[in-house]
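What follows is the residue order along each chain.
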Amino acid sequence: MAFVVAIVAVIPLRADAAHQSEMISQLLFGEIGEIMEGSPLLPTGTFTKVRCLKDGYEGWCQSAQLAIISDELYMRRSNAIMPGFTNKMMLNETEMQLPFGCSLAVFQENQLSLPGLIFKYKGELFNPGELPFGPDSVKRIAHIFINTPYLWGGRSLYGIDCSGLVQQVYGYFNIQLPRDAYQQAELGTNVGFLAETKCGDLAFFDNKEGKITHVGILLDEYTIIHASGIVRIDFIDQAGILNKQTGERTHQLRIVKRLL
C-alpha cells in the first residue's frame, strides 16, 4: 500500500479522472489517502484514485495536489487538527491560508518535510476528543460554519454540504462518521419525538421516493443547523424544517437519531 497527503487547502475528490467530472467529496490539507489507482510517482497533469482514510470515500484527485508519504510518517500519524477559522502555514517560506479542521496528522514538531516541500506551522493545534461532546461545545463548533455556502461534495468553510457539515462537527469530538446522509442515518438509536431530543442529535429528511437526502444537527427541540443554500439555523417541527425567514416548508422529517 502507498499513502498520500493533501498538500493544498482543499482537494476535489471526483467521480472520474477528469476536471469536468462531478465532485463527490473533498480532502482537506493534511488528510491522508490510500492510493487505489494511478502512478505512485504522481506525475503532474494526471489524476490518482485515492481512498480517504477518514471515511473510506473513494475518488480521483489531481496528482499535483498530493504528495507521497513514507510508511514511517503514516504509522506515526496523530489526529491533530487546526482549530482556527483560518490558519497560516508556511510553504518553502511562502504563506498559505488553511481553513478550520485541516489536519496535522503527519507533522512532526509542527513541520512536514517532503521532497521539494517544507511546511511549517506555528499556530494552535487541537486533538479531537479533548473537548467533551455537549450542548455548549456542539453549538460553538457548529456556529463556526454559519453562512458557509452550500457546495455539493464540500467539507470545508469554503463550501460544504449537509452531511459534510455533520461530519466536520462530529469529527471535532473525535467521532468519525460516514460521508453521506443515508449512511449516517444507519447509525445510533431512534428518538421518537422532538421534545425528547438533545442538542447534537441528528435529524434526517427524505424525498418523495422515501430516500434520505438531507441531514442537520438539532440545537434544541425547535431549531436546527443545516446546509441548505448556506449553513443556516431554521425552525423544525414534527413535519420538518421551516425556513426562519420565509416560513416555507423546505424539508420533510423522516427520523431523528442519537449517535452517542
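Located above this text is the structure these notes cover.
Attention in this report is confined to the structure presented alongside it. Keep in mind it's a predicted model, so treat the numbers as computed, not measured.

A closer look at the overall build of the protein chain
- Across its full length, the protein chain carries four helices and 20 strands.
- In the protein chain, which comprises 260 residues, the share counted as buried stands at 52%.
- At a minimum sequence separation of 6, the contacts of the protein chain that also span at least 24 residues come to 55%.
- With the model as given, the accessible surface of the protein chain reaches about 12,100 Å², and the carbon-plus-sulfur share is 52%.
- Computed over 22 positive and 27 negative side-chain charges, the inter-centroid distance for the protein chain is 2 Å.

Some thoughts on the pairing of strand β18 (residues 230–237)
- Two strands pair when backbone bridges link them, and strand β17 (residues 223–228) and β18 are joined in this way by six bridges, in the antiparallel orientation. Residue pairing for β18: Ile224 is matched across the bridge by Asp234.
- The antiparallel pairing of β17 with β18 creates a hairpin that spans one residue between the two strands, and Gly229 there sits at a positive phi of about 80°.
- In this sheet, strand β19 (residues 240–242) lies alongside β18 in antiparallel orientation, the contact comprising three bridges. From the neighbouring strand, Phe235 faces β19, where its bridge partner is Leu242.
- A loop of two residues connects β18 with β19, the two strands running antiparallel in sequence.

Side note on the nonpolar core
- Formed by 31 residues in total, the largest nonpolar core has its most connected members in Phe145, Val169 and Leu202.
- If you list the elements that add at least two residues to this core, you get α2 (135–143), α3 (162–171), β15 (202–206), β16 (212–218) and β17.
- With five residues, α3 is the largest single contributor of residues to this core.
- Excluding its chain neighbours within four sequence positions, the residues that come into contact with Val169 are Ile141, Ala142, Phe145 and Ile217.
- Counting 27 residues, the second largest nonpolar core, distinct from the first, contains Val10, Met96, Ala105 and Leu117.

With respect to the sheet that holds strand β11 (residues 117–121)
- An order of β9-β8-β11-β10 is seen for the four strands of this open sheet, with the pairing classed as antiparallel. Every interior strand has two partners, whereas the edge strands, β9 (94–99) and β10 (111–114), have only one. With strand direction ignored, the average angle separating the axes of adjacent strands in the sheet is 25°.
- Where β10 lies against β11, four bridges are found, and the strand directions are antiparallel. Of the residues in β11, the one forming a bridge with Leu112 is Phe119.

Examining α2
- For α2, every residue scored as buried is listed here: Ser137, Val138, Ile141 and Ala142. For α2, the arc enclosing every buried residue in end-on projection is 125°, short of the 170-degree limit, so these residues lie on one face.
- The elements touched by buried residues of α2 are α3, β16 and β17.

A short note on unusual backbone geometry
- For Glu93, which is not glycine, the phi dihedral falls at a positive 70°.
- Take Glu93: it is sitting in the loop between β8 (86–91) and β9.
- Positive phi, close to 55°, is recorded for Glu109, a residue that is not glycine.
- Looking at the secondary structure, you find Glu109 in the loop between β9 and β10.
- Accessibility expressed as a relative area gives 81% for Glu109, which makes it exposed.

Looking at the pattern of salt bridges
- Taken as a whole and judged by the stated rule, the model has 13 salt bridges.
- Between Glu58 and Arg51 there is a salt bridge, and its shortest N-O distance comes to 3.6 Å.
- Residue classification places Arg51 among the partly exposed residues on the basis of a relative accessible area of 29%.
- Ionic pairing is found between Glu93 and Lys120, a salt bridge with its closest N-O pair at 3.8 Å. Taken together, the residues span a long stretch of sequence, with Glu93 in the loop between β8 and β9 and Lys120 in strand β11 at a distance of 27 residues.
- The exposure class assigned to Lys120 is partly exposed, which follows from its relative accessible area of 33%.

Side note on the side chain of Thr223
- If you trace the backbone, Thr223 turns up in strand β17.
- Exposure remark for Thr223: the relative accessible area of 13% places this residue in the buried category.
- Once residues within four sequence positions are removed from consideration, Thr223 is found in contact with Leu218, Ile233, Asp234, Phe235 and Ile236.

Cut-offs used in this document
- Residues numbered from 1 in each chain as written.
- Predicted model: local features only at pLDDT ≥ 70, side-chain atom pairs only at ≥ 80, totals over all residues.
- Heavy atoms only, no water.
- Helix = DSSP H or I, 4+ residues; strand = E, 2+ residues; numbered from the N terminus.
- Buried < 20%, exposed > 50% of the residue type's maximum accessible area, 1.4 Å probe, protein only.
- Contact = heavy atoms within 4.5 Å.
- Areas by Shrake-Rupley, 256 points an atom, 1.4 Å probe, with all protein chains shown as cover.
- Lys, Arg positive; Asp, Glu negative; His and termini not counted.
- Charge placed at Lys NZ, Arg CZ, Asp CG, Glu CD.
- Pairing = 2+ DSSP bridges.
- Core = buried A, V, L, I, M, F, W, Y, C linked by side-chain atoms within 4.5 Å.
- Axes fitted to C-alpha atoms, helices over the stretch in contact; angles between N-to-C directions.
- Arc of directions from axis to C-beta.
- Salt bridge = Lys/Arg side-chain N within 4 Å of Asp/Glu carboxyl O.

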